[in-house]
Amino acid sequence: PNVRWEIDPSALEAFPALQKSLLKAGSELVRPGGVLVYATCTFLNSECGDVVQWFNSESAANFIGDALPQPLASATRGGVDSSLKLWPHLHGTDGFFVARWRRFV
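A quick note: this is a predicted structure, and the numbers were derived from the prediction, not measured.

As a further point, take the overall build of the protein. Scanning the protein from N- to C-terminus turns up five helices and four strands. For the protein, the succession of helices and strands along the chain, N to C, is α-α-β-α-β-α-β-α-β. Burial analysis of the protein (105 residues in total) assigns 30% to the buried set. Approximately 6600 Å² of the protein is accessible, and the part contributed by carbon and sulfur atoms is 59%.

Here you go:
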């Protein structure tokens, strides 16, 4: 949590590319039928929704969004059930994001 006070905001620009690289590398290790979870300790769209959209377009032939297990699924409040943003003012946590896919090929 202290990183927000210690990091130069311009350094945040490098994180989306790093996140994509890590997600792509991790996805190559998932067996057919296996689950891939992408989690970040931020709610910046550049590291959350944008990365998920990129991964969905890059890996549509191998992965599909997979419903989050309980109790995470109930926290989506009727939203997309394969990803979730946790907000400090709604969930009493720091900002977090999680997305889940299942490999089908």
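Having seen it, we continue.
So, about the pattern of salt bridges. Applying the stated criterion across every chain, the model contains two salt bridges. Asp66 is the salt-bridge partner of Arg100, the closest N and O atoms lying 2.8 Å from each other. Residue Arg100 is located in strand β4 (residues 96-103), and its partner Asp66 is located in the loop between β2 (63-65) and α4 (72-75); the two are separated by 34 residues in the primary sequence. Since its relative accessible area comes to 16%, Arg100 is described here as buried. One salt-bridge network, held together by shared partners, links Asp66, Arg100 and Arg102.

Looking now at helix α2 (residues 15-27). Given a rise of 1.5 Å per residue, 13 residues ought to cover 18 Å, and the 18 Å separating the end C-alpha atoms of α2 matches this to within 8%. Burial in α2 covers these residues: Pro16, Gln19, Leu23 and Ser27. The buried side chains of α2 occupy one side of the element, clustering within an arc of 65° when seen end-on. Across from the buried face of α2, at angles greater than 90 degrees, the exposed residues are Ala17 and Leu22.

What follows concerns the nonpolar core. Soluble, globular proteins show a tendency: their nonpolar side chains are buried together. By size, the foremost hydrophobic cluster in this structure holds 12 residues: Leu23, Val30, Leu36, Tyr38, Cys48, Val51, Val52, Phe55, Phe63, Phe97, Ala99 and Trp101. Within the residue set of this core, elements represented by two or more residues are β1 (35-40), α3 (49-58) and β4. With near-sequence residues (within four places) excluded, Phe55 lies in contact with Leu23, Ser27, Leu36, Ala60, Phe63 and Trp101.

Turning to the packing of aromatic side chains, a few remarks are in order. The relative placement of two aromatic rings is captured by the distance of their centres and the angle of their planes. Going through the model one piece at a time under the given rule, you end up with five aromatic pairs. Relative to Trp87, the ring of Phe43 has its centre 4.6 Å away and its plane inclined at 35°; by these criteria the two rings are tilted. With a gap of 44 residues between them, Phe43 in the loop between β1 and α3 and Trp87 in the loop between β3 (83-86) and α5 (88-91) connect regions that are remote in the sequence. With a centroid separation of 6.4 Å and an interplanar angle of 50°, the aromatic rings of Trp54 and Phe55 are classed as tilted. For Trp54, a relative accessible area of 21% corresponds to the partly exposed category. Using a relative accessible area of 1% as the deciding quantity, one classes Phe55 as buried. Clustering of aromatic rings is evident, with ring pairs tying together Trp54, Phe55, Phe63 and Trp101.

Quick notes on the rules
- Residues numbered from 1 in each chain as written.
- Predicted model: local features only at pLDDT ≥ 70, side-chain atom pairs only at ≥ 80, totals over all residues.
- Heavy atoms only, no water.
- Helix = DSSP H or I, 4+ residues; strand = E, 2+ residues; numbered from the N terminus.
- Buried < 20%, exposed > 50% of the residue type's maximum accessible area, 1.4 Å probe, protein only.
- Areas by Shrake-Rupley, 256 points an atom, 1.4 Å probe, with all protein chains shown as cover.
- Salt bridge = Lys/Arg side-chain N within 4 Å of Asp/Glu carboxyl O.
- Expected span 1.5 Å × (residues − 1).
- Arc of directions from axis to C-beta.
- Core = buried A, V, L, I, M, F, W, Y, C linked by side-chain atoms within 4.5 Å.
- Contact = heavy atoms within 4.5 Å.
- Phe/Tyr/Trp six-rings, centres within 6.5 Å; stacked < 30°, edge-to-face > 60°.

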